[in-house]
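What the coordinates show
Here is what each chain is made of, one letter per residue.
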Amino acid sequence: MRDTPARPVRERAPARIPDREQNAARLLRASARHSYDPETEIDWAAPIDPDLFALPAHRVALYGTPLWESLDARRQAQLSVHQLASVTSAGIWFELVLMEGLIRHVYDGDLTTRHAQYALTEVADECRHSTMFARYITATGYPSARPTPQAHRRGKLHFLLNDTTLTFAGAVFVEEFTDAMQREMVRDETLQPLARAVARIHVIEEARHIGYARPELERRWAAMGPARRAVFRRGLLVLARLAVAELVHPRVYTLAGLDARAARQAAAENPHWRQARIDWARKAVEFFTELGVIDRRTAPRWRRAGLLA
């Protein structure tokens, strides 16, 4: 299919970027009012109904494929639970990378500023989220919270590169992506209560993280020269593709009694799964396009990656 020309991009004027200290003070006030402890807010002892889906059926990677139809209703539900457990495992991996980046960001800054203090508040949020995700994984019987070897290696490379701007851009992409997915979960009362409880806490607190990362990325992007922007565009696409690829670990299919290679191929060709990824990435992609990070030259690459319609 021929790529349609991208619309001209008008980059945001620096005057529209919120003041750092005012924005951080607002986020700190919101954190004081709306922070949750998953250890006490979630009923971890409640039994999990094996017939309930954790994700809407049409958002499971194999939905609508012959492999999906080969599974009975209970195994389809179990596949959705394991897919969400895999997503939360990927979430732990990314949150560890993000926390490391935020700590480095604070290390280079001034801790007397509200901006730096909010960064540490976000680290505290992410610590709770990672523990919450790990508890969810354990509750579902999913066997591991470890990322794929490729993601593990890329995470270590990111630590070495210490690219704080890419960390903020990755935060925007991953958090907007998971926010869209989890808002669907929170609205769907037919889904597993434990999964919805985890999603509810994450949605509330991640909204603040997005509100911190977006203006910081805007500020840094405005200061970049053309050569740095060109490199950054490529780096962000690599990060986005890896983050999405990490969502469904091959073991999800093995646990369902399916051939992992055949299942991954079926998912890759599944229009329902492609649409899910496009829908969940939409807010981040629109933001990157408005900012000029995604332009007419790079939009076709995002489209080929299955993240842009």
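Structure first, text after, so check above.
Residues numbered from 1 in each chain as written. Predicted model: local features only at pLDDT ≥ 70, side-chain atom pairs only at ≥ 80, totals over all residues. Heavy atoms only, no water.

For the rest of this paragraph, the subject is a nonpolar patch on the surface. Among the surface-exposed residues, Ile103, Leu111 and Leu120 lie close enough to one another that they form a single nonpolar patch of about 240 Å² accessible area. Assignment of secondary structure puts leucine 120 in helix 5 (residues 114–140). The exposure class assigned to leucine 120 is partly exposed, which follows from its relative accessible area of 34%. (Patch = residues over 30% accessible without salt bridge, like charges linked within 9 Å, V, L, I, M, F, W, Y side chains within 5 Å. Areas by Shrake-Rupley, 256 points an atom, 1.4 Å probe, with all protein chains shown as cover. Salt bridge = Lys/Arg side-chain N within 4 Å of Asp/Glu carboxyl O. Helix = DSSP H or I, 4+ residues; strand = E, 2+ residues; numbered from the N terminus. Buried < 20%, exposed > 50% of the residue type's maximum accessible area, 1.4 Å probe, protein only.)

The next point concerns the packing of helix 7 (residues 164–187) against helix 9 (residues 226–245). Where helix 7 contacts helix 9, the two axes come as close as 10 Å, and the packing angle between them is 40°. On the basis of the axis angle, helix 7 is oblique to helix 9. Considering how the two elements wind past one another, helix 7 and helix 9 form a crossing that is right-handed. Judged by residue contacts, Thr165, Leu166, Ala169, Gly170, Phe173, Val174 and Phe177 of helix 7 engage Arg228, Phe232, Gly235, Leu236, Leu239, Ala240, Ala243 and Val244 from helix 9. (Axes fitted to C-alpha atoms, helices over the stretch in contact; angles between N-to-C directions. Parallel < 35°, antiparallel > 145°, perpendicular 65-115°, else oblique. Left-handed = near helix turned anticlockwise from the far one by under 90°. Contact = heavy atoms within 4.5 Å.)

Here leucine 217 shows up in helix 8 (residues 193–222). Between the alpha carbons of leucine 217 and phenylalanine 168 there is a distance of 6.0 Å; along the sequence they are 49 residues apart. Non-local contacts of leucine 217, meaning those with residues more than four positions away in its chain, are made with Thr165, Ala169, Phe232, Phe287, Phe288 and Leu291.

Okay, helix 1 (residues 20–33) next. The terminal C-alpha atoms of helix 1, which comprises 14 residues, lie 20 Å apart, in line with the 20 Å expected from a rise of 1.5 Å per residue. Of all the positions in helix 1, only Asn23, Ala24, Ala25, Leu27, Leu28, Ala30 and Ser31 are classed as buried. For helix 1, the N-terminal cap is aspartate 19; the gap from its side-chain oxygen to the backbone nitrogen of glutamate 21 is 3.1 Å. (Expected span 1.5 Å × (residues − 1). Polar contact = N/O pair within 3.5 Å; in protein donor to acceptor, adjacent residues only side chain to side chain.)

What follows covers the environment of threonine 165. Position of threonine 165 relative to the elements: it lies in helix 7. Taking the C-alpha atoms as reference points, threonine 165 and histidine 249, separated by 84 residues in sequence, lie 28 Å from one another. Ignoring anything within four residues of it in the chain, the contact list for threonine 165 reads Leu217, Arg220, Met224, Arg228 and Phe232. Separated by 3.2 Å, the side chains of threonine 165 and arginine 220 make a polar contact.

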